[in-house]
Structure formats: structure tokens, C-alpha cells
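One letter stands for each residue in the lines below.
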Amino acid sequence: MTPALVVYLKECRESLRDRRVLLNTLLLGPLLGPLLFVLLLRLIVSQEIERAEQPLPVVVIGAERAPGLVAALKQMGLVQKPAIDDPELAVREQRIDLALKVGADFGADWRAGRPAQVELIYDSSRREAGSSVDRLRGMLDAYGRRNGSLRLLARGLSPAIAAPLVVANHDLATPQAKGALLFAMLPYMLMLTVFIGGMWLATDSTAGERERQSLEPLLVNPVPRDRILLGKLLACATFSTTSLLLGLVAFSVAGHFMPTEQLGMSLALGPAFVASVLPVMLPLVLLFCIAQILVSAFAKSVREAQTWLGLLQLVPVIPSIVLSVVPVKAELWMFSVPLLSQQLTIMRLLRAEPVPLSGVLLGALVTMIAVVAVFLLARRHYASERLAVST
Amino acid sequence: MIEVQGLVKSFGAVRAVQGVSFGARDGEITGLLGPNGAGKTTTLRMLYTLMRPDAGSIHVDGVDALAEPLAVRRSLGVLPDARGLYKRLTARENIDYFAALQGLEPAEAKQRADALIAALGMQDLAGRRVEGFSQGERVKTAIARALVHDPRNVLLDEPTNGLDVMATRSLREFLRGLRAAGRCVLLSTHLMQEVAALCDRIVIIAHGRVVADGTPDALREQAGTALLEDAFMRLIEAAP
């Protein structure tokens, strides 16, 4: 058995017995992203649905005086609740959100073509009732406008006379836009999963080994230090990759719970996505792991290492933010930048768009060059005398 | 057999070791005796090739430690100052890890581990995780792990530090057993009783230099005192 393999197996075995490692690798890392996504998307969508589709229960007083109005409101989604004695008190005591009161003269006024009165009873200081009030007012407006137009037509006039101004609402914060913004963060979520998955092992097997004074005995063995480093790197990468795989599967499953159709988006989160993202991310897994090991090797304690890694884990968010704020057109050179390359590739896979193979390979190549460079740096530090001596 | 010639090591402005020379023979226990901060640990660290001396030479069984550190480490069993074990592994797993790193075949490793576990009287400990071990149990595990490849030369940095009387006594017995088996044993200590009870030869180090080197009797004679402790004090104080 080669020394690197011996170190690898021991690190894996030791980590499998560490509850913190298991928690981070198997639970927190993989599930954090998908869970966050499902919750956020549901929140966005449920707000929209509430506004547009949900039935609106309203207490209607004097409904028998305006059967035409009530029938029209019911068509628009109103659910008529039986009348109660004191609607003002009920609103004040928050037993109901709002009530609609049809005036006593409604029928007579309506037939005579005079403005017929209905009353909306609500409390504007209660914010959660606001959207219901707005919706009911919108329904009443629509009913009023329609009947106004009919009356004008009956007198041979164009309804356009009564509508000198038309306002077209163009709200840019559509659910699609909100959803797209969120999905630009998905690659970062995957990168965070990789990062969290390897972090405990990276700090524990380097800074931790030093802190617990087991590094000096280890280095006394007749094994070149770069083999020890390699073993630790591979163990770290194994846990990271496990984390990534679980995270991808979790995203894939979570895809079924994401209301993407309601957002007018289609996401390719199936098995093909999992199978193609995994190899795309592998060079990045190695880069993250060796970077974590390098940083941890410089730290004097596990705590210090984690502080530094906490800052380091913000680095992959930069391309995500840049891409979601400045929607640049992907060019080939961008695929040669580690992090950015994987980000672009995953975004395209997500939308089931064609991915340029040359770009993916270029990204993998440059990332692997970075892995080797950081490995050499770490090896240099591992060869120094200062490393072993913990005091 | 270990031969050290003119070792020098500085850390910045601190000159930790300033020309240490001595030898340690097979079948003997040699004690590096000196007050705290005398340069014992640094000297040992250079011997087991963790640190590179600024000047001087080290030969272990005739092999140049500076030229062939890996070969030298194979012939050394080392109990360093830092004795960290892997808490989440059992005692036997700790020993097996080092056996594999030394390149032992599994069958040979098991045989050696069994022999050491028996010799150190730790049959009850072997299957337990190291977490929660007493100081004595930890030292036993660390020694078993260090000697699993049956090295010809054994280096121990303050081996009885923190051990109770019983553990100290059984450890000394174990070291005498190594001597009887013809091993070269070199230990560092600041404890007078330790060298008096164990060592065939004593190398006294103070301020990074060897101030005396010989058998306990020779040292008493050299200092002109009847007690080894007095000899120790006098020789150290006489050093420049």
C-alpha cells in the first residue's frame, strides 16, 4: 500500500467517526442549498398566487339587494360569506378582514341609473388585509367600468370618452425575474456545498493535527511529506465530492417541489443535470480542497483556520453576483477563468442550453493548473521546519 | 548506533544548539541530561530529521541522516515531545497506522503490534478509542506506535514526563528490555533519578553545549562528588 493511500484511508476512517464532519458533509452542506431554494421560490410564488388566484372570502351584507353585482363578483373569485350583524365590530376585533355592505337604496338607484352605493368596511392599518381590500376594490372597479361602458353604448356613445387615460402596469419585479435572480445563485449554492463538505476535514487534518500535536510523530515516519499531503487532499476531495453528489441529488429531488411552471421557467434538474455537473465540478472540488488545506496549514489552530476559511468561502460568490447583476454575454475567455467557467457551464446546463465543449475543457484545464500551483505552494509549506513544531 | 558531530542550530537570534557532539552505542541506554531549555529537544529533533542542523553531521548505523533522511527514519523509533494520538481511533488502529506508514505488511504489522501490546501490558486498552486514555496509557500507545517497525535505534524525549510511579517503573523495565535486546536507546530528561536508575552513559547538555560525557561513575569522579546530583550541578555551573 502506498503511503498516500495509507494516509487517505486513515483520514477517511477518522472523519467518518467525527459527528461534526458527518453533519457538515452529509447533512448541512448538501441540504442547505436545495432547502433554501424551495423555501424562497415557494415564498415568491405564493405571494403571486395569493394575489391572482386564491378565492377571496368576503362577508356581504345586503346581497339580496344586488344579485347582479354579487354574481359578477363571484365570477371574479369572491366567495360570499353570510351576513353578520355588526361588521364594523367584527373588523375591529379582527374576526374578519373586510366586509362589503350593499346600501339600502342600491336597487332603486341602480335601476334609475344613479350612482349606487356599496360600502367597503376594513382597517387600513392592518397590512395583511391590504391585498384582499385591493383585490375586492379592483373587482368592484371592473364591474363598475363594465356597466358604465354598457350604459354609454346604450346611449350611442363610445365608452372611450369615459376613459381618457389608460395606465399599463409594467412591474419589472415579475416572478420570472425574481426566480431568474435566484437561479443565478444555484451554482454558488453547489460551490458552497463543495466548500462546506470538505472544510471540516481540511481544517481537522492539518491545523487540527498540529493543534493536537500528532503532526510531529506523523512526520517522523519514513514518508515524503508530499505523499502525506496528497493523502489528505484526496480524503478531503472524497468528502467534498460526496457532499456535492448528495447536494445535486437533493436539488434534483427539490426540483419537483419547486413551482417552476408557475414562474414560467423550465429547469433541467433531472439525472442528466446531475451526471453532467459532477464532472464539471470535480476540478473545482480539488481546487477548493487544496486551497482549504493550504490556508489551514498556515493557521495555528482549527479555530483560526475556520476564520480564514469563512472569508475564503465568499470568493466563489463573486462570479455569481457579477453574472446576476451584469448579464454579460458569455465569451470563450470567460470559460478559462476558474469559478466563472463552472458557473457559466452550470447555468447553461440548468436551462438545457448547449454548452461549448471547448469552453468546459478549457475551464477544467485552467482549474487543474491552479490545483497544481496551489498544491506546490502547500507542499513547500509542508516541507518547512516550522510546520511540524507546534510550540 | 548514533554518532553526532558538532551540531549547530539557531532560531533567529537564539542559538539553541552550539556544537553538540556525542555517541550512543547499541545495547546501552544513553541519557541526554540537562535543565529545561538546554537544547535537548532541538538536538533530538535534528536526530530524527525533523529539523536540519545549520552545521555538523549525524550518522545512524553509519547512514548520513542529512543525505538520506528517509533511510534513517526507517531505522529510528521516536517518541517525540509531542505525543498526540488520534483520539477517534483505537489504540491498535493508531499502531496499525504507523505500521502501514513504515511499510510493514499487514501480517507482520499484526504480529509486531501484538508483541508490543503484550510487552507494554496494554491488552485491555488495544480495542478502545484513545479518547479518555490516561497519561500513562497514552504514552504506552505512543511507544508501541513508535516501535512497531522494530527499529534498531530508539529516541525518547522525556519519556516519563507526567507518568505516575507505577507507569514510570514499568516503562523503565520496558526500556531495559530494549537494551537487553541490543537496541541503541537514547533518551532526554531533566530528571536526575531517571538517568541514575536507567542510563549506562550520560551526556550532560547545558546552554546548547555538551559539558560532560561518561558513565555515572566517571561523572562523579570528574566532579569530585559522591552524589550524581551534586556532580550534575557542579558540571553545569562550571560550564561557560
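Bear in mind the structure is a predicted one, so any value in this text is a computation, not a measurement.

## Thoughts on the overall build of chain B
Point 1. Counting secondary structure elements, chain B contains nine helices and 10 strands.
Point 2. For 240 residues, the compact-globule estimate of 2.2 N^0.38 gives 18 Å, and the C-alpha radius of gyration of chain B, at 18 Å, lies within 12% of that figure.
Point 3. Overall, chain B is about 50 × 40 × 35 Å in size when its C-alpha atoms are taken along their principal axes.
Point 4. A sequence separation of at least 24 residues applies to 68% of the contacts in chain B between residues at least 6 apart.

## What about the overall build of chain A?
Point 1. Counting its regular elements, chain A contains 17 helices and four strands.
Point 2. The C-alpha radius of gyration of chain A comes to 31 Å, more than 25% above the 21 Å expected for a compact globule of 391 residues.
Point 3. Seen through its C-alpha atoms, chain A measures out along the principal axes to roughly 105 × 50 × 30 Å.
Point 4. Residues classed as buried in chain A amount to 38% of the 391 residues present.
Point 5. Residue pairs in contact within chain A that sit at least 24 positions apart in sequence constitute 75% of those at least 6 positions apart.

## Observations concerning the confidence of the model for chain B
If pLDDT is low for a region, its predicted coordinates should not be looked at in detail.
Point 1. Per-residue pLDDT for chain B has a mean of 91; in total, 99% of the residues score no lower than 70.
Point 2. Complex prediction metrics read pTM 0.79 and ipTM 0.92.

## Looking at the interface of chain A and chain B
It is common to give the size of an interface as the accessible area that goes away when the parts come together.
Point 1. Between chain A and chain B, the contact holds 20 residues from the first and 21 residues from the second.
Point 2. The set of elements that each furnish at least two residues to the side of chain A that touches chain B consists of helix 1 (3–16), helix 10 (215–219) and helix 17 (385–388) of chain A.
Point 3. Looking at the side of chain A that touches chain B residue by residue, the classes come out as nine nonpolar, four polar and seven charged.

## Examining the environment of Ala207(A)
All names here are of chain A.
Point 1. Tracing the chain through its elements places Ala 207 in helix 9 (residues 207–211).
Point 2. Along the chain, Ala 207 and Met 189 lie 18 residues apart, while their C-alpha atoms are 26 Å from each other.
Point 3. Here Ala 207 is in contact with Ser 296, Ala 299, Ser 301, Val 302 and Ala 305, once residues within four sequence places are set aside.

## Side note on the packing of helix 12 (residues 271–298) of chain A against helix 15 (residues 340–350) of chain A
Residue and element names in this part refer to chain A.
Point 1. Contact geometry for helix 12 and helix 15: axes closest at 10 Å, N-to-C directions at 180°. One way to sum up the angle between helix 12 and helix 15 is to call them roughly antiparallel. Each of Phe 273, Ser 276, Val 277, Val 280, Met 281 and Leu 284 in helix 12 lies in contact with helix 15, whose residues at this interface are Gln 342, Thr 345, Ile 346, Leu 349 and Leu 350.
Point 2. For the contact of helix 12 with helix 15, a count of residues per class yields eight nonpolar, three polar and no charged.

## Re the domain arrangement of chain B
Residue and element names in this part refer to chain B.
Point 1. Its domain assignment divides chain B into domain 1 (2–75 + 152–238) and domain 2 (83–150).
Point 2. The C-alpha centroid of domain 2 is placed 25 Å from the C-alpha centroid of domain 1.
Point 3. Counting residues at the interface gives nine residues for domain 1 and seven residues for domain 2.
Point 4. Sorting elements by how many residues they give to the side of domain 1 that touches domain 2 places helix 6 (residues 165–180) first, with four residues.
Point 5. Its residues placed into classes, the side of domain 1 that touches domain 2 shows five nonpolar, three polar and one charged.

## With respect to the nonpolar core
Most often, soluble globular proteins have nonpolar side chains that are buried together.
Point 1. Of all hydrophobic cores here, the largest spans 144 residues; its most connected members are Cys289(A), Ile290(A) and Val148(B).
Point 2. If one sorts the elements of this core by residue count, helix 12 of chain A sits on top with 15 residues.
Point 3. Apart from residues no more than four positions distant in its own chain, Cys289(A) is found in contact with Gly198(A), Ala202(A), Leu233(A), Cys236(A), Ala237(A) and Ser240(A).
Point 4. With 14 residues, the next largest nonpolar core counts Leu69(A), Leu73(A), Leu98(A) and Leu100(A) among its residues.

## Things to note about the sheet that holds strand 1 (residues 56–61) of chain A
Residue and element names in this part refer to chain A.
Point 1. Spatially, the four strands line up as an open sheet ordered 2-1-3-4, and their pairing is mixed. Edge positions in the open sheet fall to strand 2 (78–81) and strand 4 (118–122), since each of these has one partner strand only. Going from strand to strand, the sheet's axes swing by 35° on average, the running direction of each strand aside.
Point 2. Bridge count for strand 1 against strand 3 (residues 98–102) is three bridges, and the pairing is parallel.

## Here we look at the packing of helix 8 (residues 186–205) of chain A against helix 12 of chain A
Residues and elements named next belong to chain A.
Point 1. Relative to each other, helix 8 and helix 12 sit at 40°, their axes nearing to 9 Å. The angle between the axes of helix 8 and helix 12 places the two elements in the oblique class. Crossing angle aside, the handedness with which helix 8 passes helix 12 is right-handed. Two secondary-structure elements touch here, helix 8 through Leu 190, Met 191, Val 194, Phe 195, Gly 198, Met 199, Ala 202 and Thr 203 and helix 12 through Val 277, Met 281, Leu 284, Val 285, Phe 288, Cys 289, Gln 292, Ile 293 and Ser 296.
Point 2. Looking at side-chain class alone, the contact of helix 8 with helix 12 contains 13 nonpolar, four polar and no charged residues.

## Some remarks on the confidence of the model for chain A
Point 1. Residues with a pLDDT of 70 or more make up 91% of chain A, whose mean pLDDT is 84.
Point 2. Confidence, expressed as mean pLDDT per element, reaches its minimum in chain A at helix 7 (residues 175–183) of chain A with 63 and its maximum at helix 1 of chain A with 94.

## Details of the sheet that holds strand 3 (residues 28–33) of chain B
All names here are of chain B.
Point 1. With mixed pairing, six strands are arranged side by side in an open sheet as 6-7-8-3-9-10. Both edges of this open sheet fall to strand 6 (76–79) and strand 10 (209–214), since each of them pairs with a single strand only. This sheet shows a mean twist of 15° between the axes of neighbouring strands, independent of strand direction.
Point 2. The strands touched by helix 1 (residues 40–47) are strand 3, strand 7 (153–157), strand 8 (184–189) and strand 9 (201–206); relative to strand 7, the strand with the most contacts, the crossing angle is about 150°.

## Some points on helix 1 of chain A
Point 1. With 14 residues, helix 1 of chain A should reach 20 Å at 1.5 Å per residue; the first-to-last C-alpha distance of 20 Å fits that figure.
Point 2. Within the span of helix 1 of chain A, buried status applies to Pro3(A), Ala4(A), Val6(A), Val7(A), Tyr8(A), Lys10(A), Glu11(A), Glu14(A) and Ser15(A).

## Remarks on the pairing of strand 2 of chain A
Residues and elements named next belong to chain A.
Point 1. Pairing of strand 1 with strand 2 involves four bridges; the strand directions are parallel. Directly across from Val 59, in strand 2, lies its bridge partner Lys 81.
Point 2. Crossover connection from strand 1 via helix 3 (residues 67–75) to parallel strand 2: handedness right-handed.

## Looking at unusual backbone geometry
Point 1. Phi at Gln213(A) is positive, roughly 65°, even though this residue is not glycine.
Point 2. In this structure, Gln213(A) sits in the loop between helix 9 and helix 10.
Point 3. Positioned with a positive phi, Asp150(B) is a non-glycine residue whose angle comes to about 55°.
Point 4. Position of Asp150(B) among the secondary structure elements: in the loop between helix 5 (135–146) and strand 7.

## Regarding the environment of Val17(B)
Point 1. For Val17(B), the location among the structural elements is in strand 2 (residues 14–24).
Point 2. For Val17(B), a count of 28 C-beta atoms within 10 Å gives the class buried.

Basis of the calculations
- Residues numbered from 1 in each chain as written.
- Chains lettered and ligands numbered in written order.
- Predicted model: local features only at pLDDT ≥ 70, side-chain atom pairs only at ≥ 80, totals over all residues.
- Helix = DSSP H or I, 4+ residues; strand = E, 2+ residues; numbered from the N terminus.
- Rg over C-alpha atoms; globule rule 2.2 N^0.38 Å.
- Contact = placed C-beta atoms within 7 Å.
- Buried ≥ 20, exposed ≤ 12 C-beta atoms within 10 Å, placed from the backbone.
- pLDDT = per-residue confidence, 0-100.
- Nonpolar A, V, L, I, M, F, W, Y, C, P; charged D, E, K, R; others polar.
- Axes fitted to C-alpha atoms, helices over the stretch in contact; angles between N-to-C directions.
- Parallel < 35°, antiparallel > 145°, perpendicular 65-115°, else oblique.
- Domains from an automatic or database assignment.
- Core = buried A, V, L, I, M, F, W, Y, C linked by C-beta atoms within 7 Å.
- Pairing = 2+ DSSP bridges.
- Left-handed = near helix turned anticlockwise from the far one by under 90°.
- Expected span 1.5 Å × (residues − 1).
- Right-handed = clockwise from strand over helix to strand, strands pointing away.

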